[in-house]
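In case you want the letters, here they are:
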Amino acid sequence: MFSIGYCCLLALCGCTLAYIEIPEAYLTAIRQDRADEQAAGEYNYDEQGDDWTGTCQSGENQSPIDLIYEDSKIVAIPRLRFNYYDQALQTPLVITNNGHTANMVIPQTRGGQRPSINGSLLPGNFEVQSVHFHWGSRETKGSEHAINFQRYDVEMHIVHKNTIYDTMGEATMHPDGLAVLGVMFRAVDRQTSQHYGLNKIFNQLPRIVQYGSNATITGRLTVGQLLGNIVTGEFFTYNGSLTTPDCAEAVTWTVFPDVLDYPRRQIAKLWNLRDSRQKPLIDNYRSIQDTNNRDVYYRTIQ
Ligand SMILES: [Zn+2]
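Residues numbered from 1 in each chain as written. Predicted model: local features only at pLDDT ≥ 70, side-chain atom pairs only at ≥ 80, totals over all residues. Heavy atoms only, no water.

Counting secondary structure elements, the chain contains 5 helices and 17 strands. Relative to the globule expectation of 19 Å for 302 residues, the C-alpha radius of gyration of the chain, 18 Å, shows essentially globular dimensions. Viewed in the frame of its principal axes, the chain has a C-alpha envelope of about 55 × 45 × 40 Å. When the 302 residues of the chain are sorted by exposure, 54% land in the buried category. In the chain, 25 positive and 33 negative side-chain charges are present, and the distance between their average locations comes to 10 Å. (Helix = DSSP H or I, 4+ residues; strand = E, 2+ residues; numbered from the N terminus. Rg over C-alpha atoms; globule rule 2.2 N^0.38 Å. Buried < 20%, exposed > 50% of the residue type's maximum accessible area, 1.4 Å probe, protein only. Lys, Arg positive; Asp, Glu negative; His and termini not counted. Charge placed at Lys NZ, Arg CZ, Asp CG, Glu CD.)

Here we come to the environment of Gly112. Inspection of the secondary structure assignment puts Gly112 in the loop between strand E7 (102-105) and strand E8 (116-119). Sequence separation between Gly112 and Gln87 is 25 residues; the distance between their C-alpha atoms is 10.0 Å.

A few words now on the pairing of strand E15 (residues 251-255). Burial runs high along E15: 5 of the 5 residues are buried. What you see with E15 is no split at all: Val251, Trp253 and Val255 on one side and Thr252 and Thr254 on the other are buried throughout. Note: strand E12 (residues 178-188) against E15, 5 bridges, orientation parallel. By the bridge assignment, Leu178 is partnered in E15 with Val251. Relative to E15, strand E14 (residues 235-240) runs antiparallel, the two being bridged by 5 bridges. If you follow Phe236 over to E15, its bridge partner there is Val255. (Pairing = 2+ DSSP bridges.)

Here we take up the UniProt feature "domain: Alpha-carbonic anhydrase" (unreviewed entry) in the chain. Feature annotation in UniProt assigns "domain: Alpha-carbonic anhydrase" (unreviewed entry) to the following positions: residues 41-300. Here residues 41-300 runs as 9% helix and 29% strand, with 40 Å between its end C-alpha atoms. (UniProt positions renumbered as here; feature names shortened; annotations may be inferred.)

Take the state of the cysteines next. A full pass over the atoms with the stated rule returns 1 disulfide. The disulfide partner of Cys56 is Cys247, and the gap between their sulfur atoms is 2.1 Å. Every disulfide takes its handedness from the sign of the S-S torsion; for Cys56 and Cys247 that torsion is 95 degrees, giving right-handed. Of this pair, Cys56 sits in helix H2 (residues 55-58) while Cys247 sits in the loop between E14 and E15; the two residues are 191 residues apart in sequence, bridging distant segments of the chain. (Disulfide = S-S within 2.5 Å.)

Tallying each qualifying case throughout the model produces 7 salt bridges. One salt bridge in this structure joins Glu24 and Arg31, with 3.6 Å as the shortest N-O distance. Glu24 sits in the partly exposed class, given a relative accessible area of 34%. Of the charged contacts in the structure, one is a salt bridge between Arg186 and Asp261, with a shortest N-O distance of 2.6 Å. A residue pair is termed long-range when its members are at least 10 positions apart, and Arg186 in strand E12 and Asp261 in strand E16 (residues 260-263) qualify at 75 residues. On the accessibility criterion, Asp261 (24% relative accessible area) is partly exposed. Each of Asp46, Asp275 and Arg277 takes part in a single network of salt bridges with overlapping partners. (Salt bridge = Lys/Arg side-chain N within 4 Å of Asp/Glu carboxyl O.)

Now for helix H1 (residues 24-39). Taking 1.5 Å of rise per residue, 16 residues should cover 22 Å, and H1 covers 22 Å from first to last C-alpha, within 8% of that figure. Those residues of H1 that sit buried are Tyr26, Leu27, Ile30 and Glu37. Projected onto a plane normal to the axis of H1, the buried residues spread over an arc of 105 degrees and lie on a single side. The exposed residues of H1 that point more than 90 degrees off its buried face are Ala25 and Ala39. Gly41 sits one or two positions beyond H1 and adopts a positive phi of about 80 degrees. (Expected span 1.5 Å × (residues − 1). Arc of directions from axis to C-beta.)

As enumerated under the stated definition, the model contains 12 aromatic pairs in all. Ring geometry for Phe202 versus Tyr262: centroids 5.0 Å apart, planes at 65 degrees, classification edge-to-face. Of this pair, Phe202 sits in helix H4 (residues 196-202) while Tyr262 sits in strand E16, placing them 60 residues apart in sequence. Assigned by exposure class, Phe202 and Tyr262 land together as buried. For the pair Phe235 and Phe256, a centre-to-centre distance of 6.2 Å together with 90 degrees between the ring planes defines the contact as edge-to-face. Placement of Phe235 in strand E14 and of Phe256 in the loop between E15 and E16 is noted, with a sequence separation of 21 residues between them. Assessed through its relative accessible area of 0%, Phe256 is described here as buried. Each residue in the set Phe133, Phe185, Phe202 and Tyr262 is aromatic and connected to the rest through ring pairs, giving one cluster. Here the basic side chain of Arg151 rests over the ring of Tyr285, its NZ or CZ set 4.2 Å away from the ring centre. (Phe/Tyr/Trp six-rings, centres within 6.5 Å; stacked < 30°, edge-to-face > 60°. Lys NZ or Arg CZ within 6 Å of the ring centre and 35° of its normal.)

Take a look at the structure:
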């Protein structure tokens with residue numbers, strides 16, 4: 001175990017505030033995630049990514065895209081399998097404002113397992129790495145993908161890495177490197193269900209308003225809780241890219257058309273975050289990319 005004040009968790013400096021025990025392996029993963037983020041270089045959402053360079057500009061298998069039911073190949077696809085998604089994660093969890101999103105590196109479970117997904121058209125077994133969000137503002141919707149030309153208030157991404165690769169950096173260099181689950185949130189004025197796990201995350205957002213700040217989440221949380229009660233038997237799946245620089249074309253996307261209703265007062269906490277320029281961190285979504293005749297598959301429960 002490693003004691004470090006959460007105020008400077010990422011800066012690796014000495015600190016005398018609020019010491020919290022964070023396992024060394026988890027701390028290493030958080031530092032690596034930060035290093036990967038910094039390797040991407042400076043970027044912002046001023047032009048919704050249209051000014052990003054390299055693969056972001058030249059790639060032909062980019063994300064997000066319009067997901068259109070009528071244009072999809074509706075074929076028999078094995079169900080998506082969730083492994084250890086119902087197991088409590090080791091705590092504390094650390095949530096960070098990295099200037100582009102609220103990001104949470106996912107530790108192993110209390111039993112020492114790493115939650116993973118396989119099945120569907122996934123080319124392997126993919127272990128969960130991190131969770132983050134894309135959002136709009138009080139006036140705009142902020143999902144990245146559009147479903148039947150409709151965008152939603154928030155899109156949550158649960159990022160997984162193929163177990164055949166050792167690091168995220170290595171995985172991004174291969175087309176079968178990553179698998180990301182996309183979940184749409186709709187802001188509602190009345191809470192329809194409890195969303196206990198999501199509330200644990202969103203309740204910490206007021207503590208990470210400033211760029212580079214961190215907060216911890218304790219208590220029982222599973223990755224499965226983040227999915228709320230959405231139907232996971234129906235989904236779009238296609239080959240695409242990271243939606244942030246360097247836009248590596250390494251992602252098997254799974255996007256669920258079932259939408260999670262979530263209170264507007266919780267989603268509003270995202271709109272209050274600030275970026276590294278002290279500007280409101282809003283509209284952190286990339287514009288829709290050309291599908292370029294890629295196959296988009298749709299799984300139905302029937
Ligand atoms: Zn994302």
